[in-house]
Amino acid sequence: MIGIFGGTFDPVHFGHIKPVLNVKQALNLSQVRFIPNSVPPHREEPWLSAEQRLSLLQSALEEYDDMVVDTRELDRGGPSYMIDTLRSLKSDYQDESICLVIGMDAFFGIAQWRQWKQLFELCHLVVTTRPGFDPALILEQVGAENYPFLAEKLTQDIETLKQGNAGNILLLSVPLLDISSTEIRNRLLKGEDVSQLMPDEAHQKLRGFIDDNR
Ligand code: ATP
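The model shown is predicted, which means the values in this text are computed figures rather than measured ones.

A.B. asks: Looking at this structure, how should I read the overall build of the protein chain?
C.D. replies: A tally of helices and strands in the protein chain yields ten helices and seven strands. Dimensions of the protein chain along its principal axes, counting C-alpha atoms only, are 55 × 35 × 30 Å. Evaluated residue by residue, the protein chain yields a buried proportion of 51% over its 214 residues. The long-range share in the protein chain, meaning contacts at least 24 apart out of those at least 6 apart in sequence, stands at 73%.

A.B. asks: Explain the sheet that holds strand β4 (residues 98-103) to me, please; I cannot follow it from the model alone.
C.D. replies: Hydrogen bonding along the main chain pairs the strands of a sheet, whether they run parallel or antiparallel. Spatial strand order, β3-β2-β1-β4-β5-β7-β6: seven strands in an open sheet with parallel pairing. For this open sheet the edge positions go to β3 (67-69) and β6 (154-155), each flanked by a neighbour on one side alone. Of the strand pairs in this sheet, β6 and strand β7 (residues 169-173) are connected by two bridges, and their pairing is parallel. Counterpart to Leu154 in the pairing with β7 is Ile169.

A.B. asks: How should the side chain of His124 be read in this particular structure?
C.D. replies: Mapped onto the fold, His124 is located in strand β5 (residues 124-129). Residue class for His124 comes out buried when judged on its relative accessible area of 0%. Among the polar contacts listed, one links the side chain of His124 to the backbone oxygen of Leu161, at a separation of 2.8 Å. A polar contact of 2.8 Å, which involves the side chain of His124, links it to the backbone oxygen of Gly164. When neighbours within four sequence positions are excluded, His124 is seen to be in contact with Met1, Ile98, Cys99, Leu100, Leu161, Gly164, Asn165, Ala166, Gly167 and Asn168.

A.B. asks: When you look at the packing of aromatic side chains in this model, what are you seeing that I'm missing?
C.D. replies: What describes a pair of aromatic rings is the distance from one ring centre to the other and the angle between the planes of the rings. Scanning the model with the defined rule gives six aromatic pairs in all. Taken together, a centroid distance of 6.1 Å and an interplanar angle of 45 degrees make the contact between Phe9 and Phe34 tilted. Placement of the pair is Phe9 in the loop between β1 (2-7) and α1 (14-27) and Phe34 in strand β2 (residues 32-36), with a sequence separation of 25 residues. Each member of the pair, Phe9 together with Phe34, is buried. Look at Trp116 and Phe149: their rings are 5.3 Å apart centre to centre, the planes differ by 75 degrees, and that puts the pair in the edge-to-face class. Placement of Trp116 in the loop between α5 (104-108) and β5 and of Phe149 in helix α7 (residues 147-151) is noted, with a sequence separation of 33 residues between them. Judged by its relative accessible area of 9%, Trp116 falls in the buried class.

The rules behind the values
All residue numbers refer to positions counted from 1 along the written sequence of the respective chain. Reporting of local features is limited, given that this is a predicted model, to residues whose pLDDT is at least 70; pairs of side-chain atoms are given and counted only at 80 or more, and all residues count toward the totals for whole chains, interfaces and linings. As a convention, hydrogens and water are excluded, and side-chain values are obtained from all of the structure's heavy atoms. What counts as a helix is a DSSP run of H or I of at least four residues, what counts as a strand is a run of E of at least two, and both are numbered from the N terminus. Relative accessibility under 20% of the residue-type maximum defines a buried residue, over 50% an exposed one, and the middle range a partly exposed one, all with a 1.4 Å probe and only protein chains included. The contact rule is simple, with two residues in contact once any of their heavy atoms fall within 4.5 Å. Think of it this way: DSSP has to see at least two bridges between two strands before they count as a pair. In protein, a polar contact means a hydrogen-donor-capable atom and an acceptor-capable atom, both N or O and within 3.5 Å, with residues adjacent in sequence counting only if both atoms are side-chain atoms; elsewhere, any N or O pair within 3.5 Å suffices. Only the six-membered ring of Trp is used, alongside the rings of Phe and Tyr, when aromatic pairs are assigned; centres must lie within 6.5 Å, and planes under 30 degrees apart are stacked while those over 60 apart are edge-to-face, with the rest tilted.

What follows is the structure, given as structure tokens:
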């Protein structure tokens, strides 16, 4: 079973890496592929260039085993729709089941993703949640009309995920790390230190990008 984790990574931070590490260990995933998006469909133009986002992500993941960068969305160009990415992954990893890992905030907006119901034919969904959240309340956030569709896929049991190739939703509670790329960008604009919020190699590189832009 492999994991995939998509995002803008503008820039990458521990709030991306640590929850995924928890998921990888809990589900015993053989690898997790981090997929930086090209043109994110649901948000404005990133702050860093695609090359910079990619380069920081590569540096950040260097010290983690079996956590790798997958450039297929950048290579494809145009809007990055997860359904296209999953179809492409499925053809590369025909014998593997795929777990799409997403944060709770991203999950709340999943009904806006292109052909989102078809995602469940291709992968399981693992939502990293904050400890203590009620599963029903999380599903309700996606919209009352979607609740029955999602509820029948919900499981709290990792073994259920391992039995089928796709189609389940697992809510996995992970320690909370209150960091976002937005916060990092805001801190940098104010000249504040962000060195504790991402791996050191990535931070050094980010400092270099900022100095080059001065
Ligand atoms: P921005 O602040 O620019 O919106 P972000 O920090 O939320 O960025 P993204 O690249 O948009 O990062 O998110 C990629 C994925 O990482 C999403 O699934 C999101 O839910 C998840 N994520 C981001 N920050 C955290 C965090 N602190 N804890 C858990 N998951 C997170």
